[in-house]
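# Descriptive structure summary
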Amino acid sequence: MDMDPYAWSVFKICKGGQSGCRSAVQHKPSYPTIPPKKQFLIAIWKMATPDSYRSICEKFDVSRSSALKAVRRVTHSLANLAPHFIVWPDTDRTSVVKNGFSSTSSFLGVIGAIDGTHLNIRALHKHPETYVNRKDHHSIQLQAVCDHQCRYIHCFVGNVGSVHDQRVFRLSEVYNYIDDPSKFPNDGHIIGDAAYTNHEHLVPNRNTGHLTEKQKNFNFCHCSARMAIEQSFGLLKSRFRSLLTTLDMERIDLIPTFILSCCVLHNICLMQGDELSNSLIPQQIFSEETNNIEFRECVSNRIDLLKRDSICEQLKY
C-alpha cells in the first residue's frame, strides 16, 4: 500500500519505542486478536492521517470493529506511557532548558512555555453547545507546557471548547506547581501569553499601550521564547494529521486518551531525532496559534511585577 509521507515520518519511531508500545497489545489468551504489530500500525495510521475508518479497513484488510479495538488498545497503552515520556524537568534538566531558551530568545530563567490549543471534533448529540469555542467550532482543549526543543513536559487535555484558557489553567496540575518552589529551581519560571495571570513563576507578556523601549524588548524576547509552544503544536498537528481538521471520533470519553497518545509519540519522535521540516508544516497552523491572543494587562501583585521588571532590565537590546 502507498505510504502517506506524514504517516511515514511517524512509522520511523525507534525500535525501542515500537517494541514498548507493541508489548502492551500482545495476544491475550481470553480472545483472539490481530497481530500486535498490525494493531500498532493501524493505530499509527489513524493518528497520522485524516483517513476514515472505512479507508483504514480497506488498507489493512480488517473489519471496522477490529480497527476500532486496535486504535483504542494502542492509544490507551501509549497514554499509560505518558509519565515516562512527558516529564517535568528535574534540577539538572532545568539548567539545560534555561540555557536553551536563553540561546534562542535571550529570555532568562525559562523552564517551559505554556499555551492551549483547540482540537476540532464533530458536534455531539448531548449538550453540543458546551463544546463550542470562540470560533464557533466544536472542540476539545489541550493545554501543554514544552521545553526549548518543543518536547512536552506537561499535558492537560479534555476540557470543552467553551472553557476559558485561565479556567483550564486553574483546573490543571500546573496551577498547583506554581506555588511549589521545588518545581522551579533557581528562580525559574514558565512563560505564557496575556491570557495567563502574572505570578512569580509564570511570566506573561505585557501590553499597556504605553511601553518603553526596554518593555518592548521584553515583549520581543518573550514572544521569541514562547514560539516554542506554538511550534510544538504545529509539529503535533502536522505529524498527526487526524488532529489538524476535525477529529473523526464518536466516543467523547476516548478523545482525551487519543490526543494524549499523540503527545507521547510526539515526544518519542523528537527524542529519536525524527523531526519534520518546517516546509512540511502548513503555515495556517502557526497563524491560527498566534492569532488566538486577546492582549490585556494582567492582574499582578507587587512581587510578580518586580520579577517581571527585573527580567526586563536584564535583557539585552
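All values derive from a computational prediction rather than experimental measurement. (Residues numbered from 1 in each chain as written. Predicted model: local features only at pLDDT ≥ 70, side-chain atom pairs only at ≥ 80, totals over all residues. Heavy atoms only, no water.)

## Side note on the confidence of the model for the chain
Close reading of the predicted structure is inappropriate where its pLDDT is low. For clarity, the cut-off: Along the chain, pLDDT gives the predictor's confidence residue by residue, from 0 to 100. To qualify as a helix, a DSSP run of H or I must reach at least 4 residues; to qualify as a strand, a run of E must reach at least 2; elements of each kind are numbered from the N terminus. Residue contacts are defined here by distance: any two heavy atoms, one from each residue, within 4.5 Å place the two residues in contact.
With 79% of its residues at a pLDDT of 70 or more, the chain has an overall mean of 83. When pLDDT is averaged over each element of the chain, strand E3 (residues 152–160) comes out on top at 97 and helix H1 (residues 5–11) at the bottom at 50. Below pLDDT 50 for its whole length, residues 293–301 participates in 25 contacts with residues either more than four positions away or in separate chains.

## Side note on the packing of aromatic side chains
The following threshold applies: Stacked, tilted and edge-to-face are the three classes assigned to paired rings of Phe, Tyr and Trp, where Trp is represented by its six-membered ring and a pair needs centres within 6.5 Å; plane angles under 30 degrees give stacked, over 60 edge-to-face, the rest tilted. Each residue is placed in one exposure class: buried if its accessible area under a 1.4 Å probe, protein chains only, is under 20% of its type's maximum, exposed if it is over 50%, and partly exposed if it falls in between.
Tallied over the entire structure, the rule returns 7 aromatic pairs. Ring plane angle 35° and centroid distance 6.3 Å describe the contact between Tyr 152 and Phe 233, whose orientation is recorded as tilted. Within this pair, whereas Tyr 152 is found in strand E3, its partner Phe 233 is found in helix H10 (residues 213–239), the two being separated by 81 residues in sequence. Pair check on accessibility: Tyr 152 and Phe 233 agree, each one buried. Here Phe 169 and Tyr 175 contribute two aromatic rings whose centre-to-centre distance is 5.5 Å and whose plane-to-plane angle is 90°, an arrangement assigned as edge-to-face. Residue class for Phe 169 comes out buried when judged on its relative accessible area of 4%. Exposure remark for Tyr 175: the relative accessible area of 35% places this residue in the partly exposed category. Ring pairs connect the aromatic residues Trp 88, Tyr 177 and Phe 184, which therefore count as one cluster.

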